[in-house]
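Reading the structure
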Amino acid sequence: MFNPLLDKYDKNSANISLFPGVGGDDAKDWAMMLLSMYSKYAQKRGWKVVQVDDRSIDIRGEYAYGNLKKEMGVHRLVRISPFDSKKLRHTSFALVEVLPEIPEIELRNIVIPSEDLRVELSNSSGPGGQNVNKRETAVRIIHLATGIIIMSQKERTQQTNKEAAMSILRSKLLALKKEQEAKAKSEIRKTQIGTGDRSDKIRTYNFPQDRVTDHRIKKSWHNINSIMEGNIEEIIQDVYTAIENGIQT
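Residues numbered from 1 in each chain as written. Predicted model: local features only at pLDDT ≥ 70, side-chain atom pairs only at ≥ 80, totals over all residues. Heavy atoms only, no water.

With respect to the overall build of the protein
Looking only at helices and strands, one finds six helices and 11 strands in the protein. Taking contacts inside the protein between residues at least 6 apart in sequence as the whole, the part at least 24 apart equals 58%. Summing over all exposed atoms, the protein offers an accessible surface of approximately 13400 Å²; the carbon and sulfur share of this is 49%. (Helix = DSSP H or I, 4+ residues; strand = E, 2+ residues; numbered from the N terminus. Contact = heavy atoms within 4.5 Å. Areas by Shrake-Rupley, 256 points an atom, 1.4 Å probe, with all protein chains shown as cover.)

Here it is as structure tokens:
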């Protein structure tokens with residue numbers, strides 16, 4: 001059972017977004033594999049998984065954020081590439097971003113001027129009812145000052161998708177603000193989540209060696225196929241045990 005670290009948002013639901021890094025088609029595929037892994041993990045925990053867009057999910061359940069927040073960072077893949085006709089070994093990277101669901105009353109305090117936003121509309125795709133692909137219900141919001149882009153098509157109406165996208169944007173801006181404040185207080189501890197290259201990796205998934213290694217705590221686990229099916233509870237617990245024993249991540 002998860003032993004909460006008592007951070008403010010640990011008990012909240014979470015949003016997970018995946019960003020392909022170095023590696024081309026392999027990196028895009030790797031990001032989708034990780035998104036599937038976290039979805040399966042959440043389902044095993046009895047949490048509700050809601051697809052926000054093709055690279056982002058909401059995980060709704062108590063302590064979802066507390067359990068998953070240390071997954072944030074760059075995840076490295078080593079495998080024989082299915083996209084390489086020569087069947088050579090390739091290395092790819094994907095950035096995992098984990099944000100807490102912020103209470104609505106707190107989000108309302110984050111004011112975003114309308115002139116800082118560009119809102120784009122498009123037809124939704126995938127399941128959703130008879131109105132899908134007939135009306136512009138999908139919403140894409142661009143925050144001009146930071147370049148942050150949020151898209152939502154999970155809801156049935158344009159307005160509810162806009163509200164969902166704005167909620168995620170406010171969460172991202174709140175996280176960015178806290179990150180900048182922490183960096184200003186201390187240049188010693190790195191607070192950025194990484195750029196998507198090998199220098200920032202927190203974990204490597206080596207398929208030829210059937211091994212997953214977390215570089216922060218210098219520990220490995222085997223049976224990688226089971227891990228990719230969402231059986232990551234042991235990894236999560238080991239990371240928190242390392243923290244409690246004084247190993248900084």
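A word on the nonpolar core
Counting 50 residues, the largest nonpolar core has Ile16, Leu34, Leu68 and Leu169 as the members making the most contacts within it. With eight residues, the top contributor of residues to this core is helix H1 (residues 24-44). When sequence neighbours within four positions are dropped, the list of residues in contact with leucine 169 reads Ile112, Leu117, Ile141, His143, Ile148 and Ile150. (Core = buried A, V, L, I, M, F, W, Y, C linked by side-chain atoms within 4.5 Å. Buried < 20%, exposed > 50% of the residue type's maximum accessible area, 1.4 Å probe, protein only.)

Structural notes on the side chain of aspartate 84
Within the secondary structure layout, aspartate 84 lies in the loop between strand E4 (73-80) and strand E5 (89-100). Nearest to the buried, unbridged aspartate 84 among oppositely charged side chains is lysine 86, at 6.5 Å. Of note is the side chain of aspartate 84, whose polar atom sits 2.8 Å from the backbone nitrogen of lysine 86. (Lys, Arg positive; Asp, Glu negative; His and termini not counted. Salt bridge = Lys/Arg side-chain N within 4 Å of Asp/Glu carboxyl O. Polar contact = N/O pair within 3.5 Å; in protein donor to acceptor, adjacent residues only side chain to side chain.)

Structural notes on the sheet that holds strand E6 (residues 117-122)
With antiparallel pairing, the three strands of this open sheet are ordered in space as E6-E7-E8. Of all the strands in the sheet, just E6 and strand E8 (148-152) have a single pairing partner and so form its edges. Geometrically, the sheet is characterised by an average inter-axis angle of 15 degrees between neighbouring strands, direction not taken into account. (Pairing = 2+ DSSP bridges. Axes fitted to C-alpha atoms, helices over the stretch in contact; angles between N-to-C directions.)

Thoughts on H1
Along its 21 residues, H1 runs 31 Å from first to last C-alpha, staying within 8% of the 30 Å computed at 1.5 Å per residue. Residues Asp26, Ala27, Trp30, Ala31, Leu34, Leu35, Met37, Tyr38, Ser39, Tyr41 and Ala42 constitute the buried set of H1. Looking at the residues trailing H1, positive phi occurs at glycine 46, about 85 degrees. (Expected span 1.5 Å × (residues − 1).)

Brief notes about the environment of phenylalanine 207
Mapped onto the elements, phenylalanine 207 comes out in the loop between strand E9 (201-206) and strand E10 (211-214). Taking C-alpha positions, phenylalanine 207 is 9.9 Å from arginine 89, a pair spaced 118 residues apart along the chain. In this view, phenylalanine 207 contacts Met33, Leu77, Val78, Arg79, Ile224, Asn225 and Met228; residues no more than four positions away in its chain are not counted.

Digging into the pairing of E10
As defined by bridge partners, E9 adjoins E10 across four bridges and the pair is classed as antiparallel. Across the sheet, residue arginine 203 finds its bridge partner in E10, namely aspartate 214. Count of turn residues in the E9/E10 antiparallel hairpin: four residues, of which aspartate 210 carries a positive phi of about 50 degrees. Taken together, the four bridges between E10 and strand E11 (residues 219-222) define a ladder with antiparallel strand orientation. Directly across from valine 212, in E11, lies its bridge partner tryptophan 221. The turn joining E10 and E11, which pair antiparallel and follow one another in sequence, is formed by four residues; a positive phi near 55 degrees is taken by lysine 218.

Digging into the environment of lysine 11
Inspection of the secondary structure puts lysine 11 in the segment before strand E1 (14-20). Between the C-alpha atom of lysine 11 and that of glycine 66, which follows or precedes it by 55 residues, the distance is 6.1 Å. Lysine 11 has contacts with Gly61, Glu62 and Tyr63, leaving out every residue within four places of it along the chain.

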